[in-house]
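Fold and geometry: a report
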There are 2 protein chains.
Amino acid sequence: MNPDLAIARAATLRPIGEIAERAGIPDEALHPYGKHIAKVDGSWLRSLEDRPRGKLILVTAISPTPAGEGKTTTTVGLGDALNRIGRKTMICLREPSLGPCFGQKGGATGGGHAQVLPMEQINLHFTGDFHAIGAANNLLAAMLDNHVYWGNRLDVDPRRVAIRRVLDMNDRALRSTVAGLGGPANGFPREDGFDITVASEVMAVFCLARDLADMEARLGRIVVAQTRDKRPVTADDLKASGAMSVLLKDAIQPNLVQTIEGSPALVHGGPFANIAHGCNSVVATQAGLRLADYVVTEAGFGADLGAEKFLDIKCRQAGLTPSACVVVATVRALKMHGGTARADLSRGDADALERGFVNLERHVANMRSYGLPVVVAVNHFVTDTEAEHRRLAELCRDRLGVEAVPCRHWAEGGAGAVDLAERVVALTEKPSEFRTLYPDDMPLADKMRRIATRIYGAETVVIEGSAASRLKEIEAAGYGRLPVCMAKTQYSFSTDPQAMGAPSGHEIPVREVRLAAGAGFVVAICGQIMTMPGLPRVPAAEGIHLDEDGLIQGLS
Amino acid sequence: MNPDLAIARAATLRPIGEIAERAGIPDEALHPYGKHIAKVDGSWLRSLEDRPRGKLILVTAISPTPAGEGKTTTTVGLGDALNRIGRKTMICLREPSLGPCFGQKGGATGGGHAQVLPMEQINLHFTGDFHAIGAANNLLAAMLDNHVYWGNRLDVDPRRVAIRRVLDMNDRALRSTVAGLGGPANGFPREDGFDITVASEVMAVFCLARDLADMEARLGRIVVAQTRDKRPVTADDLKASGAMSVLLKDAIQPNLVQTIEGSPALVHGGPFANIAHGCNSVVATQAGLRLADYVVTEAGFGADLGAEKFLDIKCRQAGLTPSACVVVATVRALKMHGGTARADLSRGDADALERGFVNLERHVANMRSYGLPVVVAVNHFVTDTEAEHRRLAELCRDRLGVEAVPCRHWAEGGAGAVDLAERVVALTEKPSEFRTLYPDDMPLADKMRRIATRIYGAETVVIEGSAASRLKEIEAAGYGRLPVCMAKTQYSFSTDPQAMGAPSGHEIPVREVRLAAGAGFVVAICGQIMTMPGLPRVPAAEGIHLDEDGLIQGLS
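Please read these numbers as outputs of a predicted model, since none were measured by experiment.

1. Things to note about the overall build of chain A
- Assigned secondary structure in chain A consists of 18 helices and 26 strands.
- Computed over C-alpha atoms, the radius of gyration of chain A comes to 23 Å, within 12% of the 24 Å expected from 2.2 N^0.38 for 556 residues, which places it in the range of a compact globule.
- Counting only C-alpha atoms, chain A reaches 70 × 55 × 50 Å along its principal axes.
- Going through the 556 residues of chain A one by one, you find that 65% of them count as buried.
- The contacts in chain A between residues at least 6 apart in sequence include a share of 75% that link residues at least 24 apart.
- Looking at chain A as shown, the accessible area adds up to about 18800 Å², and 49% of this sits on carbon and sulfur atoms.
- When the 61 basic and 65 acidic side-chain charges of chain A are each reduced to a single mean position, those positions are 4 Å apart.

What follows is the structure, given as structure tokens:
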């Protein structure tokens, strides 16, 4: 059996009421989903508004490689360790998407002794949030086509429909379709397509909304299409946002679960980190900050994508001030950035590590440019050598002036991350000097340029003609003050996924820009971005089944 | 405010644990979904297998008219009344579909003082069962296209794909589509389309399965496509049934809720009553029969469609023996069958009622032909006259020898259906003489003919050429012993929805037949059958919203 699964199965789950009590949530504020999951009541959370906020700690990572970094694992391990040393801590994570579970990827609930539980429910339907988000999105899409069908009073141009339907499934056959075929009773044929639910703007809205009322207002602002004379048509024009909010009213309440060690964790929302901003919901993070002294949270992909969006989009919109930043690295992944082939990763090679260190170096410098104190968490693997760890610690100290703290939470749980926790507490003692990378009133193209040059190490941004004119339209329509959301490969600072390490002086081409008026950002698409994954030749689904004891086999 | 909603809001809900206790379900067998809904543990239910079974009472109705009959309301009212007179009773209902809530129709949780609660959750996502069914169906569809994409080892003919994707949404634009467009990375273009979730074979399988193992075996038998040489390709060939079962393992556990009067109700599963068999899950019905002395359940549409399928498909497959049948009629609806226009329904007209009585008469005779004792429940409306009720009672007595019992459960709750409950108890005192309409070994075409001539009063069945040859294929492949599922308009005994009353001597054309090998029936399509509804000109969704107190407005 997969060791993560074996450890998860061997864990004794506490009743969710006990976890809630530990987090300071009374029984009457819980909506249980089975014995080990509960939603936390939204009205009760609103009653905490005046409480002082805890300190927010962001866990991010180097550019991802096939060697793995362990960002979620470190987030969970750090949270457990903080609780262990007597700091009241809430862990805030994204909800996993269902579709990829049946493809290649395992779950997204951590690993080893640093997991959130119950692993299987969280990875499958959980509390139905993503199904609700899908239903809200698809209701909006259905109302748009229905509007056109019944006379098209708003003069929607069926060639300029922005909203796509969604499913929480890896299904490449739905990427590009023609809908409305079959004759007059079925409407007007038009080009259409499906995204995976996590790629939808409804998901981004859900995760950035302050509360139910803010969510409804944002949903109403979603631009679903343009008219023939290119005016925007919004969800409010279709009178859809009320019903969408009704579909989402339970989902917007954050989900409480536990780690293997019984720490409370809010697992809520999960937008893509390319086409959207890639962090858990603002509602959950704000709840955590009111309930605990420390909130540990993570952002998707490497720090150039995930942390940048966390800081420039989520923190900006929600008025959050992070107190410290943990950058997760592994010896193995740094060696891959230094040119080591995957097959050779188990051999000690401090020089390759030193070559790959440039990737970590830039991410750390980037995080510091936001005014954040940084610590490097070195997620330990059994194949790592002493010499490699020594070299990494020296490089961090000498070239960056930061500490590299070895962590063994995968093997040891919170006990393996106590050093990291103590370092994090020390870093958060001084007041945060957090600042965003750019001001609201910078022109959109300049915002893209600043991200590319300061964070990606690029020479410049090249905005293609049609994208440039769309940018002008967006600014003319009054959306120029929004932050930008860069949709770029996560594997490199450049747009070439093969360029590992720390490429410099490259160009970042912006092929297309999209307005996400509800989410409140402008997406800059740099290279191919996949919004509907496919299944591999042998999907994981083929091996997933229930055994004779009714236990799930083959998941994760 | 809608009176049903006002009554539902004014009701005091008991904690679901109390309802469970009343039903004899211990706390440890409950998986709560909030405070007023729980799933009943499947393993615990299996431990009841050896208990004696209670008596099964079917509530069905005359052919539906726009005047309304109140079948669900009567089912709830009768259940409450039986509990009131000291008979331990479980109510078993279908789960409502989400999509139609945003179109025209209100919820499907009863009305007045005869409702199951919490109305809003049950009508919206409830416990996520339909989302899980949709995900299982769509995983199967994705695995099929993925198989073709990666080399098509099974030689699937993309022109002969039987499985359609589903959404729980009214969305006519998806009825007929082309998928797989956009180039080689997206697969092979083919004609495709979506049904509403309740129309899927996965839903029918879910509702007919005895348990998890039976469900997995049935899912594996679903024929998803044919090869180029017309051999069937099943879900098992795609190795999909294990993962589908994992997606459905929680959903298959029945949902316990309460009526306004605190009677326990299992609300579980909800297949269409045209393309599928239209009753709640076998798992729930069997659970009810083990837990209670009486189970009151309903079947979709009028008795010619819903009850026929309940008796010939569900009871046959699950080995159920109903003890009595309640046929619901209203004075108003009978007058519509007698030719009264909708606008004139509030005027007393016993002669119109007598003309329309032929509809009730045939349904009652049909139910008796199954060996079932029958009582007519006359669901009272304020506009009914004494003279009309008197005439109806006389007609029932003189022409049918059955009792017509006036019921006022809408206004009075269970107290308004005590007479009906006492009559039902009396009817169930003698042992049931239930028999199905046809034996398993009758040829499929003869089964269709028997239903048409005996139940619909038709002269004959005309099976079109292509349907006849498909029937031969199906019988040659060994599926000849399956029952048939007639997909016909619910508004008439004929295939003309305008032909009210009791038309006779007509032809029933069978345009197409479809094998549902997993569900275990052969569908005979007689006329236009809609498997994906559309939204009306002004969808209900436009008026659905949350008010300032967070209460849902505009639903139902």
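2. Considering the side chain of A:S494
All names here are of chain A.
- Its place among the elements puts S494 in the loop between β21 (484–487) and β22 (507–510).
- At 2.9 Å, the side chain of S494 forms a polar contact with the side chain of S492.
- Only 3.0 Å separates the side chain of S494 from the backbone nitrogen of D496, close enough to count as a polar contact.
- The contacts of S494, once residues within four sequence positions are left out, are K488, T489, A499, P503, H506 and I508.

3. Quick word on the side chain of A:D171
- On the secondary structure map, A:D171 appears in the loop between β8 (165–167) and β9 (177–179).
- The buried category is assigned to A:D171, whose relative accessible area is 1%.
- Leave out the neighbours within four places in its chain, and A:D171 touches A:M532, A:P533, B:N138, B:A142 and B:R165.

4. Topic: the UniProt feature "binding site: ATP" (unreviewed entry) in chain A
All names here are of chain A.
- According to UniProt, the positions carrying the feature "binding site: ATP" (unreviewed entry) are T65, P66, A67, G68, E69, G70, K71 and T72.
- Assignment of secondary structure puts G68 in the loop between β3 (55–61) and α4 (71–84).
- Leaving out residues up to four positions away in the same chain, G68 has contacts with T330 and A333.
- Note that G70 resides in the loop between β3 and α4.
- Among the residues examined, G70 registers a relative accessible area of 21% and is labelled partly exposed.

5. Quick look at the relation of the copies chain A and chain B
- When chain A is brought onto chain B, the operation consists of a screw motion whose angular component is 180° and whose axial shift is 0.0 Å, with 0.0 Å RMSD remaining. With respect to symmetry, the two chain copies, as superposed, fit the operation of a two-fold axis. Among all residues of chain A, the one whose C-alpha sits closest to the rotation axis is A:Y33, at a distance of 2.2 Å.
- An overlap of 100% is found between the interface residues of chain A and their copies at the interface of chain B, pointing to a shared contact surface.

6. Quick word on the sheet that holds strand β23 (residues 512–516) of chain A
Residue and element names in this part refer to chain A.
- Strands sit in the order β21-β24-β23 across an open sheet of three strands; the sheet is mixed. Edge strands, defined here as strands with exactly one partner in the open sheet, are β21 and β23. Direction aside, neighbouring strands of the sheet carry axes that sit 25° apart on average.
- Its contacts with the sheet put helix α11 (residues 303–318) on β21 and β24 (521–525), and the angle it makes with β21 is roughly 170°.
- Here helix α17 (residues 444–455) sits on the sheet and contacts β21, β23 and β24; the angle it forms with β21, its principal contact strand, is near 50°.

7. Describing helix α10 (residues 282–291) of chain A
- With ten of ten residues buried, α10(A) lies mostly within the body of the structure.
- Every buried residue of α10(A) is accounted for by A:V282, A:V283, A:A284, A:T285, A:Q286, A:A287, A:G288, A:L289, A:R290 and A:L291.

8. As for the domain arrangement of chain A
All names here are of chain A.
- Domain annotation for chain A reports domain 1 (3–127 + 251–427), domain 2 (130–247) and domain 3 (444–526).
- Computed from C-alpha coordinates alone, the two centres of domain 2 and domain 3 are separated by 25 Å.
- Tallying the contact residues gives ten residues for domain 2 and nine residues for domain 3.
- Between domain 2 and domain 3 the total buried area reaches about 650 Å² when both faces are included, carbon and sulfur atoms providing 50% of it.
- The largest share of the area that domain 2 buries against domain 3 comes from E201, R221 and V223, three residues that together contribute 47% of it.
- Our count for the contact surface shared by domain 2 and domain 3 stands at five residue pairs in polar contact (both at pLDDT 80 or more).
- Every element with two or more residues in the side of domain 2 that touches domain 3 is listed here: α7 (201–208), α8 (212–221) and β12 (223–227).

9. Side note on the pattern of salt bridges
- Scanning the entire structure with this criterion turns up 63 salt bridges over all chains.
- With its nearest N and O atoms 4.0 Å apart, the salt bridge here joins B:E473 to B:K230. Of the two residues, B:E473 sits in helix α18 (residues 465–479) while B:K230 sits in the loop between β12 (223–227) and β13 (232–234), which places them 243 residues apart along the sequence.
- A single network of salt bridges, built from pairs that share partners, joins A:D145, A:R165, A:R190, A:D192 and B:D171.

10. Observations concerning the packing of aromatic side chains
- For the structure shown, the criterion picks out four aromatic pairs over all chains.
- Between the aromatic rings of B:Y149 and B:W150, the centroid separation amounts to 5.2 Å while the plane-to-plane angle is 85°, which identifies the pairing as edge-to-face.
- Sitting over the face of the ring of B:Y149, A:R172 holds its NZ or CZ atom 3.7 Å from the ring centroid.
- Lying across the ring of B:Y456, B:K488 places its NZ or CZ 4.6 Å from the centre.

What counts and what doesn't
Residues numbered from 1 in each chain as written. Chains lettered and ligands numbered in written order. Predicted model: local features only at pLDDT ≥ 70, side-chain atom pairs only at ≥ 80, totals over all residues. Heavy atoms only, no water. Helix = DSSP H or I, 4+ residues; strand = E, 2+ residues; numbered from the N terminus. Rg over C-alpha atoms; globule rule 2.2 N^0.38 Å. Buried < 20%, exposed > 50% of the residue type's maximum accessible area, 1.4 Å probe, protein only. Contact = heavy atoms within 4.5 Å. Areas by Shrake-Rupley, 256 points an atom, 1.4 Å probe, with all protein chains shown as cover. Lys, Arg positive; Asp, Glu negative; His and termini not counted. Charge placed at Lys NZ, Arg CZ, Asp CG, Glu CD. Polar contact = N/O pair within 3.5 Å; in protein donor to acceptor, adjacent residues only side chain to side chain. UniProt positions renumbered as here; feature names shortened; annotations may be inferred. Least-squares fit on C-alpha atoms with pLDDT ≥ 70 in both. Pairing = 2+ DSSP bridges. Axes fitted to C-alpha atoms, helices over the stretch in contact; angles between N-to-C directions. Domains from an automatic or database assignment. Buried area = accessible area lost by both parts, 1.4 Å probe. Salt bridge = Lys/Arg side-chain N within 4 Å of Asp/Glu carboxyl O. Phe/Tyr/Trp six-rings, centres within 6.5 Å; stacked < 30°, edge-to-face > 60°. Lys NZ or Arg CZ within 6 Å of the ring centre and 35° of its normal.

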